[in-house]
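# Descriptive analysis of the structure
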Amino acid sequence: MNRDAAIGVFDSGVGGLTVLRALREKLPEENLLYLGDTARLPYGTKSARSVLQYALQATRILDKRGIKMLVIACNTASAYALDALSETHPDLPVVGVIAPGAQAACETSKSGRIGVLATESTVRAGAYEKSIANMRSGAEVHSSASPLLVGLAEEGWLAGEVPEAVIRHYLGALTEKFAPGQMDCLLLGCTHFPVLAKSIEKIAGPDVALVDSAHTTAIEVEKILGANQLRRSGGGQIRFLATDGVARFARVGGVFLGKPLEPDQVELVDL
Ligand code: DGL
């Protein structure tokens, strides 16, 4: 395996850029190759079979370009495709975002009463309930499917009356599953949601700590690269691929990355 090869990262759209940003901060010397499967977004409303097929195809594109490691920067794809991708690519270290997200929530929650906002498919898979149960016995976990938040995030519509009304609706459905005032941690179980964190925080109130997978995923990636002698030195490059709408990807992607992204920095690819 070539140390200078990039770490491949994919998501259905721009959401995984929240993970890419954390990787960049933690591992600035690494080359990163990001694929947003914008032609088939959203993944979160699709069947297990479709998500698995999309994840295999996205990985094939990245793998063809010679990556040294794969990060599934999508909770939905992590829930349905992590095992299959590890089996089909035995030589490629593969990391998903569910276990790192569960770990962040377990470390943060004092009461062990953890709410999860995620896509419909991630909720259907019971992904966070299972992962948190493995890490913290006795935890109480409830999830709420919040599909409209993906659309708002892809639109870059992050604050104001409309996002707040949508967040209030989903959070209301979630908090009523707990005894009043008991949920002390809210896990953003979709990589699109951290850009809405300020608005979510405003509705959730000061007694609920927000966590997501980005930082803990970057720590896991660092560990795996180190264990496999795959760390490189020098300045890393980032390349972007999208399966549709490069101008749109660049415009909204800039919001996720916190710095402008030009359309000519994004290559259009077919799966
Ligand atoms: N960002 C993805 C996730 O973390 C999915 C969004 C979508 O395509 O529905 O689940």
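A brief structural summary. (Residues numbered from 1 in each chain as written. Predicted model: local features only at pLDDT ≥ 70, side-chain atom pairs only at ≥ 80, totals over all residues. Heavy atoms only, no water.)

### Description of the state of the cysteines
To be explicit about the condition: Any cysteine sulfur atom paired with another within 2.5 Å is treated as part of a disulfide. Between buried and exposed lies partly exposed: a residue is buried under 20% and exposed over 50% of the maximum accessible area for its type, with that area taken using a 1.4 Å probe on protein chains only.
Per the stated rule, a full pass over the model turns up 0 disulfides. Note on Cys-106: no disulfide assigned, nearest cysteine sulfur contributed by Cys-185 at a separation of 8.5 Å. You can call Cys-106 buried: its relative accessible area is 14%. A disulfide-free cysteine, Cys-190 has its sulfur positioned 6.9 Å from the sulfur of Cys-74, the nearest such atom.

### A few points about the sheet that holds strand S10 (residues 266-268)
The following threshold applies: Paired strands are those between which DSSP finds at least two bridges. Strands are runs of DSSP state E lasting at least two residues, helices are runs of H or I lasting at least four, and both sets are numbered from the N terminus onward. Throughout, a residue-residue contact means that at least one pair of heavy atoms, one from each residue, lies within 4.5 Å. Between the N-to-C directions of two axes lies an angle of 0 to 180 degrees, each axis being a line fitted to C-alpha atoms and, for a helix, fitted only over the stretch in contact.
Overall, parallel pairing links the 6 strands, which are arranged S4-S3-S1-S2-S9-S10 in an open sheet. Looking at the sheet topology across the chains shown, the edges are occupied by strand S4 (94-95) and S10. As paired elements, strand S9 (residues 238-242) and S10 share 3 bridges and run parallel to each other. Each residue of the ladder has a partner; that of Ala-242, found in S10, is Leu-268. Of the strands in this sheet, strand S1 (7-11), strand S2 (32-36), strand S3 (69-72) and S9 are in contact with helix H1 (residues 17-26), which crosses S2 at around 175°. Helix H11 (residues 246-257) rests against S2, S9 and S10 of the sheet, and its axis sits at about 145° to S10.

### Quick word on the packing of helix H7 (residues 147-155) against H11
Filter applied, for reference: Working definition: roughly parallel below 35 degrees, roughly antiparallel above 145 degrees, roughly perpendicular at 65 to 115 degrees, and oblique for all remaining angles. Residues were grouped as follows: Ala, Val, Leu, Ile, Met, Phe, Trp, Tyr, Cys and Pro as nonpolar; Asp, Glu, Lys and Arg as charged; and all remaining residues, including Gly, as polar.
The N-to-C vectors of H7 and H11 enclose an angle of 100°; their axes lie 8 Å apart at closest approach. By the criterion of interaxial angle, the relationship of H7 to H11 is roughly perpendicular. In contact with Ala-153, Glu-154 and Glu-155 of H7, H11 contributes Arg-248, Val-252 and Phe-256. For the contact of H7 with H11, the class distribution of residues is 3 nonpolar, no polar and 3 charged.

### A closer look at the site of the ligand
Where we set the bar: Whether a residue is near a molecule or strand depends on its heavy atoms: it is near if one of them lies within 4 Å of it. Under the rule applied, a polar contact is a pair of N or O atoms within 3.5 Å (in protein, one hydrogen donor and one hydrogen acceptor; residues adjacent in sequence only if both atoms are side-chain atoms). The Shrake-Rupley method, run with a 1.4 Å probe, gives the accessible areas here. Residue values count only the displayed protein chains as cover.
Around the ligand, the structure places 13 residues, and the nearest of them are Ser-12, Tyr-43, Asn-75, Thr-76 and His-192. Between an oxygen atom of the ligand and a main-chain N or O atom of Asn-75, the distance comes to 2.8 Å. A distance of 2.9 Å is found between an oxygen atom of the ligand and a backbone nitrogen or oxygen belonging to Thr-191. For the ligand, the accessible surface in isolation is 300 Å², of which the surrounding protein chains cover 99%. When the residues that make up the shell around the ligand are grouped by side-chain class, the tally is 5 nonpolar, 7 polar and 1 charged.

### Overview of helix H10 (residues 214-227)
The condition is simple: Multiplying 1.5 Å by the helix residue count minus one yields the expected span of that helix.
Over its 14 residues, H10 extends 20 Å from the first C-alpha to the last, a length consistent with the 20 Å expected when each residue adds 1.5 Å. The complete set of buried residues in H10 reads Ala-214, Thr-216, Thr-217, Ala-218, Val-221, Ile-224 and Leu-225. Here the buried face of H10 lies against S1, H1, S3, S4 and helix H4 (98-108). Immediately beyond the C-terminal end of H10, within one or two residues, lies Gln-229, with a positive phi of roughly 50°.

### Brief notes about the pattern of salt bridges
The line we're drawing: Salt bridges are counted wherever a side-chain nitrogen of Lys or Arg sits within 4 Å of a carboxyl oxygen of Asp or Glu.
Tallied over the entire structure, the rule returns 13 salt bridges. For Lys-26, the salt bridge goes to Glu-222, with nearest N and O atoms at 3.7 Å. In this pair, Lys-26 is assigned in helix H1 and Glu-222 in helix H10, connecting sequence segments 196 residues apart. Residue classification places Lys-26 among the partly exposed positions, given a relative accessible area of 31%. According to the relative accessible area criterion, Glu-222 is partly exposed, its value standing at 25%. Three or more residues joined by partner-sharing salt bridges are found here, namely Lys-26, Glu-29, Glu-30, Lys-68, Glu-222 and Arg-231.

### Observations concerning the sheet that holds strand S7 (residues 185-189)
One open sheet holds the 4 strands; their spatial order is S6-S5-S7-S8, and the pairing between them is parallel. Looking at the sheet topology across the chains shown, the edges are occupied by strand S6 (140-145) and strand S8 (209-211). Each strand axis lies, on average, 25° off the axis of its neighbour in the sheet, ignoring direction. Where strand S5 (residues 113-118) lies against S6, 6 bridges are found, and the strand directions are parallel. Note on S6: the bridge partner recorded for Arg-113 is Glu-140. Lying over the sheet, H4 contacts S5, S7 and S8, oriented at roughly 170° with respect to S7.

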